[in-house]
Structures are given as C-alpha cells and as structure tokens.
Amino acid sequence: MNTKHKLREAIDLLYTRGRANSDTYTRLILDSLHCNDFHQAKRLQFHMDLHLYKPTTTFLHNRLLLLYSKSGLLSDAQQLFDKMPARDIFTYNAMLSAYSKLGSVEDPKEFFDTMPVRDSVSYNTVLSGLCSSGREREALAVFVRMRKEGFVVSEYTIVSVLNACSGLLDLSRGRQIHARIVACDLGGNVFVSNALIDMYAKCGETDNAHRLFNEMRYKNVVSWNLMISGYMKNGQPKVCVDLFKEMQSSGLKPDQVTVSNVLGAFFRIGYVDEAWKTFKEIKEKDKVCWTTMIAGFVQNGNEEDALLLFSEMLFENIRPDSFTISSVVSSCAKLASLHHGQVIHGKAVHMGADVDLLVSTALINMYSKCGETKDAWFIFNMMPTKNVVSWNSMLLGYAQNGKDPEALELYEEMLQKNVKPDNITFVGVLSACMHMGCTERGDRYFRSLSELHQMKPTLDHYACMINLLGRSGYIDKAIDLIENMPHKPNSLIWSTLLSVCKINGNIKHGEMAAKRLFELDPLNAEPYITLSNMYASCGRWKDVAYMRSLMKNKEVKKFAAYSWIELDGVVYKFISEDRTHQDSEIIYLKLNKLIKKIQEAGFIPDSNLVLHDVGESEKFESICFHSEKLALAFGLIRKPNTGMPIRIMKNIRVCDDCHLFMKFVSKIIGRDIILRDSNRFHHFVRGECSCKDLW
C-alpha cells in the first residue's frame, strides 16, 4: 500500500471521529506535505475548522500555506492567510511564494512592499519572481535595496541577479557581480558558476564563459547545455559540436536540451547525416527534439525527409506544436506539394492550430507556392491577427502568381491599416511592378523606401529595379543605377543584369555582367550557360564552343534541368528527352498527338532556341521533348477528364517555346495548366498566361 493511500485512509478514519489533538493534526499535515497531496491537506483544514480547532502557533497553518503555495493554489492560500489569527515571517514568505508561483507580474512585488517584516528568503523569492516575469530592472533595484537593508547575499541571490544581468545584456553590472562572487568565495557553487557562464555567453563574451567553464571543478548537464547554447547563439555551431563530443567523452549523459541544441548546430553547418545519427540514438525524444530535426531537414533542403519524420512523430503519439506544423507546411511549400500541404492543413484544423499566426502565415505561403492564391486569400482573411510577415506572404503570393494588381492593391491596404512595411514587402511590390512593366510606378515605390519609410534600399531592391528597367528597355538606366548605388554589386546584381541582357539580346552588356560573375563565382555554371545561349541565338557558334571549352577547363559542372508532377501524392520526375519512365511509349505518343493538334492551330516549334549547331530534325526533337512537356503529357494521361488544373514544377526558367506550347495546349484542350519555374508561377488559361509573357 503506497503512502498516499495510507494518508487518505488515515484522514477517512479521522472523519469518523471527532476532534483530534495537536499531535495528530501535525503528523497528518506533515504527511500531506511530504506526499505533496493538497487534496488531503484541504480535507484536514476543513476538519480543523469543522471542529473549531485553533492551533496555538503558526506552525500548522504555515505548513498548509507552504503546500498550497507549492501547488499553485493561490485562492486557497489567500483564504487561509486572511483568517490566520497570527502571522510570522514564514507565513508572509509562503504567501509571497504563492503569488510568485501564480506567475503574476504585479502581485508579488505589491505584497512584498506591504510585508511588515522581511528576511533574505523574502528578497530571494521576489528577486526570482521579477526575473522570471521579465522585470529585470526592478529585480536589480530590489537587490540594491536588499544590500542597503543589510541582508546577507546568498548563492540564490547571486543567481537571480546574474539572471537579471543576462536578460538585460548588462555586461558591466554582470562583471561587478562576478567581482563580488570572487570576493565572497562563492565561485565553487555550480549554480553560481552556471549563471555566470550564461551571463557572459548571452552578452557575447564566449571566451570568458568558456574560461569559467574550464575552471569549474564539477560540471553538471546544465553547465554543458549553457556553454553549448551560448556558442550556438553567438553563431559558432562548429564549437557546439566539438563541445558535445567532449561532453560525451567525459561520461556525462546529454539530456534532451543538449541534443536539441546540438541538432541545431549540426544543421547550421550542414551535417545532416550526423544530426540524423544523433537523433536516432536518443531513446526518449521530446517534442523539441522532433521539431528541431524536422525544421533542420527543411532548412537543409531535405523536405521529403521532413514529411516522413513528421508522419513518424504522429505515429509515436507526439503532439506537434505550431512551430512543428509551420515547419512541415514550409516543406510542402518548397516541394509545391499541394496534396501533402492540404493533409497537414487538415491536421492543423483538427488540432486547432490553423488560427495560430505562425501556422496561418506558413499556410498562406504554401498555397501561394502551389498556385492556389484563392485558398491563400481565404486563410489570410480568416486570420484573427496579422503581422507584417502575414501581409508579405500574401503580397508575394500574388506577385509570384501573376496577380500583380492585387499585390499592389494589398500594399496600399497595408499602408491604410498602419502596418509598417519592411524590406520583404518592397521586394514583392517592386516585383509586381516589374511583371506589369510599370516603370514609373516602380520608381516611385523605390524612392518611397528612403523618402517615406526611412529605409535603406538593399541589394534585393536594386536587383528588382535593374530587372524592371532592363525589361522595359532602359538598359543604360539600369547600368547607371548599378554604378551609382551605395552597395558593391554582388552576384545577384550581375546575374539580374545578365538575365535582362539575354531578353534584350544585348551581347555587349551581357558579356560585361558575365565577366563579373566569372570573377565572383567561377564555378557557377549559370552565367556560362546564359552567355553561351546568347551567342547561340545569334549564330556565334565559335563563341559557344569557346564557352564550353572554358567550362571544361575550369571544371564547371552544368546543373541538370528537370520537371516534376505530383499525382495522388506521388511525385514523378522527368528530364529532357526522358525515356526512362515505364510508360514512355504512351507518353511520347500522347505528346506527339498534342504537338500535331496545336500545330494545326498555328503553333510552330521555335527551333532557333536549340543551342547546338545541328540539323533541323535534331533541333525539332530536342525542342519538342523538354521535361515540362513530358510531364504535361503524363499528367493528361493519368488525369484525363477531371477538370482540375495540371500542376507542373520546373527547376529552371521555362523556355520561350515551352511557354508558347503551354498556352496553345490550354486553349485547344480547354484545360488549365499551372507551371512553376525558378522565376515565378505561370497560370495558363484559355491560351493566356498570367505572366503576360514577362518572366
């Protein structure tokens, strides 16, 4: 029979009798305190009141107060406190602790100020309460008052004061407390040492923190966790990993806090396999470990692994939180997986997490990146609260999906509702202007960045303006903007210029931009390929051969172009002229029929886009069997008459011929096609594209 059961039986027996004596009440109340059983304590208090038992000292009532305080029962503690005929310092401290346990911001300090007597325990209790409620400055003021009143400063006091310094990032005050610790010889206390390490690490002094850490005679798991998290917060994940290995060698077993920090460090430096190995070695994983692993997969481009791990998490009956859900939704957005995104959305609704700000914003982003702006807009409108990130997600979603007027209208609404735009907002706004070819309006928004909103334009904003000017035929103005901007041009600026030069056929400035890119990132294949394509388009085959030779000599590897389509939750991937699919024969038959059908309607494959000096028949085959066309044919075979759009994703920019092909197909067969390339979404409806042929 366990202790709690015996206690309940003893009090049941007490209720069959009359009033008990002082010894009986004392023994039973101490037993209740020992078992942490406030239910039986309340029964004892009721029995004492029922039989008009009046304790001669404060001892019994103080023990009841202590138990109510430990259990967070402020109302019961307050009622008992109010009717106590006599009170002492223990009474007041127990009541002060009850207020602090409740987590109230005002009550503990107010009660403390009205206490007729105080001791070190009183001060330590209110110091701890103020620090835990984010009132660090008041905590330091109470500490000064404690010193003036002559109370002894203990290790508990020092820990609270150091926590206040950490919260305020007050390195100067923290160093003063450190000096006092040395003077009072308190440095040997592990809790004090841990608080010092935490203070120095949070103030960016990782070297000092590590020196103190090395000087500790005894280190517990918290010591290691503080040091590891300190390096993590200061952007030194490699040191975190080294410390973790050192901790393992010391024989100390890491806890789940350690593992979560180290998993984050592994992912920060791209050690995905090491993170997975560490995760699998944990026997008991908490929600934080699962979430860290899922978020790490998403951040490192392992979106499919994130989805699989989330399924495993649910199978293990670990309830995800809003951060977990938003991370998984982000993986669906990156994969453009509408099927999985809708499943996760349903799970969020079931959990009641769909109205969470973080989750709602992630869902807006996911639906936008799957081409479903109506669903994104529905979620946006249903959000009880919105922040600038939510507005940006919707605005960018519109801009990426060819709904540029809606994006600019949303921006104006954002200003009317006094939501302060940020750098991301203006990337969306300027992108919308670029897609619409609104040069003057884009220039006005660009100037408003600094003139109206007191923000400094970033390289992203300059890239948008270069794109806008270049696409509108103002290459010289784009060059002037680059030469006069306060930033040193980076790869983004030069690749943007190269892109618009390709559109305009401007070889001279294209060569200049490509040369800069060769210097900045000599192993990036994109500028070599783009310039080679520009040469090929005007028949400069010797220059094309030179670019290929240059790539070969520098060992620049060309990335593979591919497309994929998701059908019934399964992803199918295609490359150009792909014949590896088990249904290749049927796919090519379907595609050839489509080509013949739209040729009859006036479509002519643009063989000039083939960037090889080969015969016309080879050019025709090369251009007609691009990966997105194969994906489209397969989608039409598998989903012939559903009326639902065919959704295709491509890892690079869609070529002009494929773009025209999709327009013709959408018109001839009466089926909407949604194609997401590396630049934006293309919604092909009845022979028109949402990008208005600007991409």
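Participant: So what exactly am I meant to see when it comes to the packing of aromatic side chains here?
Facilitator: Both the distance between ring centres and the angle between the ring planes are used here to describe each pair of aromatic rings. Within the structure shown, the criterion is met by 26 aromatic pairs. Arranged with centres 5.6 Å apart and planes meeting at 75°, the rings of F81 and Y92 form a pair that is edge-to-face. In this pair, F81 sits in helix 5 (residues 74-83) while Y92 sits in helix 6 (residues 89-102), placing the two residues eleven residues apart along the sequence. For the pair shown, F81 and Y92 are each scored as buried. Judged by centre distance (5.6 Å) and plane angle (65°), the ring pair of Y411 and F426 falls under edge-to-face. Taken together, the residues Y411 in helix 25 (residues 404-416) and F426 in helix 26 (residues 423-436) connect sequence positions 15 residues apart. According to the relative accessible area criterion, F426 is buried, its value standing at 0%. Within the aromatic cluster, the residues linked to one another by ring pairs are F267, W276, F279, W290 and F297. A cation over an aromatic ring shows up here: K285 above the ring of F279, its NZ or CZ 5.0 Å from the ring centre. Of note, K386 hangs over the ring of F380, and the distance from its end group to the ring centre comes to 4.9 Å.

Participant: Looking at this structure, I do not really get the pairing of strand 3 (residues 646-650). What am I missing?
Facilitator: The side chains of a regular strand alternate between both faces of the sheet. In terms of residue burial, strand 3 counts as a mostly covered element, since five of its five residues are buried. Every second residue of strand 3 is oriented toward a common face, with I646, I648 and K650 on one face and R647 and M649 on the other, all of them buried. In this structure, strand 1 (residues 562-567) lies alongside strand 3, joined through two bridges in antiparallel fashion. Note that in strand 3 the partner of W564 across the bridge is M649. Relative to strand 4 (residues 673-676), strand 3 runs parallel, the two sharing four bridges. If you follow R647 over to strand 4, its bridge partner there is I674. Regarding topology, helix 37 (residues 656-668) serves as the crossover connection from strand 3 to the parallel strand 4, and that connection is right-handed.

Participant: What exactly am I supposed to notice about the sheet that holds strand 1 here?
Facilitator: Sheets are built from strands that pair by backbone hydrogen bonding, the pairs being arranged parallel or antiparallel. Read across the open sheet, the six strands follow the order 2-1-3-4-5-6; overall the sheet is mixed. Edge positions in the open sheet fall to strand 2 (570-575) and strand 6 (688-689), since each of these has one partner strand only. Of the strand pairs in this sheet, strand 1 and strand 2 are connected by six bridges, and their pairing is antiparallel. Note on strand 2: the bridge partner recorded for W564 is K573. On the sheet, helix 36 (residues 627-638) packs against strand 1, strand 2, strand 3 and strand 4 and is oriented at approximately 15° with respect to strand 1.

Participant: Explanation requested: a nonpolar patch on the surface in the structure shown.
Facilitator: Nonpolar side chains collect at one region of the surface, where Y15, F46 and L50 lie side by side and expose about 300 Å² of accessible area between them. Mapping Y15 onto the fold places it in helix 1 (residues 3-15). Among the residues examined, Y15 registers a relative accessible area of 31% and is labelled partly exposed.

Participant: What is the right way to read unusual backbone geometry from this model?
Facilitator: Most peptide bonds take the trans configuration, and most residues that are not glycine carry a negative phi. With a phi angle near 55°, N36 is a residue other than glycine that sits in the positive phi range. Of note, N36 is situated in the loop between helix 2 (22-35) and helix 3 (38-50). Here N418, not a glycine, exhibits a phi torsion of approximately 60°, which is positive. Residue classification places N418 among the exposed residues on the basis of a relative accessible area of 71%.

Participant: Looking at this model, I keep getting lost on the environment of P640. Mind explaining?
Facilitator: You can see P640 is positioned in the loop between helix 36 and strand 3. In the structure, P640 is positioned 525 residues away from M115 in sequence and 80 Å away in space, judged by C-alpha atoms.

Participant: Help me understand helix 24 (residues 388-400) in this model?
Facilitator: Counted at 1.5 Å a residue, the expected span for helix 24 with its 13 residues is 18 Å, and the 18 Å between its end C-alpha atoms agrees. For helix 24, the full list of buried residues reads S390, W391, N392, S393, M394, L395, G397, Y398 and A399. Of the surrounding elements, those touching the buried residues of helix 24 are helix 22 (357-369), helix 23 (373-382), helix 25 and helix 26. Capping the start of helix 24, N387 holds a side-chain oxygen 3.1 Å from the backbone nitrogen of V389, two or three residues further along. Of the residues flanking the end of helix 24, it is G402, one or two places downstream, whose phi is positive at about 80°.

Participant: Hey, could you run me through the pattern of salt bridges in this one?
Facilitator: All told, the structure shown has 21 salt bridges when counted by the stated rule. Among the ionic pairs, K42 bridges to D76, the shortest N-O distance being 3.6 Å. Taken as a pair, K42 in helix 3 and D76 in helix 5 lie far apart in primary sequence, 34 residues in all. For the salt bridge of E138 with R135, the shortest nitrogen-to-oxygen distance reads 2.5 Å. According to the relative accessible area criterion, E138 is partly exposed, its value standing at 31%.

Participant: Looking at this model, I keep getting lost on the packing of helix 22 against helix 24. Mind explaining?
Facilitator: Think of two packed helices as two axes; the pair is described by the angle between the axes and how far apart they sit. Running from amino to carboxyl end, helix 22 crosses helix 24 at an angle of 5°, the nearest separation of the two axes being 9 Å. If you check the angle between helix 22 and helix 24, you find them roughly parallel. Touching L357, T361, I364, S368 and K369 of helix 22 are V389, S390, S393, M394, G397 and Q400, all from helix 24. Here the contact of helix 22 with helix 24 is built from residues that sort into four nonpolar, six polar and one charged.

Participant: What should I look at first to understand the state of the cysteines in this one?
Facilitator: Such a bond, covalent and formed between the sulfur atoms of two cysteines, is termed a disulfide. Within the structure shown, the criterion is met by zero disulfides. C691 takes part in no disulfide bond, and the closest cysteine sulfur, belonging to C689, lies 3.4 Å away. Residue C691 is classed as buried on the basis of its relative accessible area, which comes to 1%.

Participant: When you look at the side chain of S223 in this model, what are you seeing that I'm missing?
Facilitator: With respect to the helices and strands, the residue S223 is situated in helix 14 (residues 221-233). With a relative accessible area of 0%, S223 lands in the buried category. Ignoring any residue separated from it by four or fewer positions in sequence, one finds S223 in contact with V190, N194, F213 and M216.

Here is what the cut-offs are and how they apply
Along each chain, residue indices are assigned from 1 in the same order as the chain's sequence is written. With the structure being a predicted model, the display of local features is reserved for residues of pLDDT at least 70 and the display and counting of side-chain atom pairs for 80 or more, all residues being used for whole-chain, interface and lining totals. Each side-chain value is worked out from all heavy atoms of the structure, with water and hydrogens disregarded. Aromatic rings from Phe, Tyr and Trp, taking only the six-membered ring of Trp, are treated as a pair when their centres fall within 6.5 Å; an angle between ring planes under 30 degrees marks them as stacked, one over 60 as edge-to-face, and anything in between as tilted. Going along the chain from the N terminus, every DSSP run of H or I of four or more residues is numbered as a helix, and every run of E of two or more is numbered as a strand. Residue burial is assigned from relative accessible area. The probe radius is 1.4 Å, only protein chains are included, and a residue is buried under 20% of its type maximum, exposed over 50%, and partly exposed in between. Cation placement over rings: the criterion is NZ of Lys or CZ of Arg within 6 Å of the ring centroid and within 35° of the ring normal. Should DSSP find at least two bridges between two strands, the strands are regarded as paired. Orienting the strands away from the viewer, one traces the path from the first strand over the helix to the second; a clockwise path indicates a right-handed crossover. Pairs of residues are marked as contacts when any of their non-hydrogen atoms sit within 4.5 Å. In this analysis an axis means a line fitted to C-alpha atoms, helices contributing only their contacting stretch, and an angle means the value between N-to-C directions, from 0 to 180 degrees. Candidates for patches are residues over 30% relative accessible area with no salt bridge; among them, like charges are joined within 9 Å and nonpolar side chains (Val, Leu, Ile, Met, Phe, Trp, Tyr) within 5 Å. Note on areas: Shrake-Rupley with a 1.4 Å probe; residue coverage comes only from the protein chains shown. Whenever Lys or Arg places a side-chain nitrogen within 4 Å of a carboxyl oxygen from Asp or Glu, that contact is recorded as a salt bridge. One less than the number of residues in a helix, times 1.5 Å, gives the span that helix is expected to have. Polar contacts here mean pairs of N or O atoms no more than 3.5 Å apart (in protein, one a potential hydrogen donor and the other a potential acceptor; neighbouring residues in sequence count only if both atoms are side-chain atoms). For classification, angles of less than 35 degrees are called roughly parallel, those exceeding 145 degrees roughly antiparallel, those between 65 and 115 degrees roughly perpendicular, and all remaining angles oblique. Any residue that is not Ala, Val, Leu, Ile, Met, Phe, Trp, Tyr, Cys, Pro, Asp, Glu, Lys or Arg is counted as polar, Gly included; the first ten are nonpolar and the last four charged. In what follows, a disulfide is any cysteine sulfur pair within 2.5 Å.

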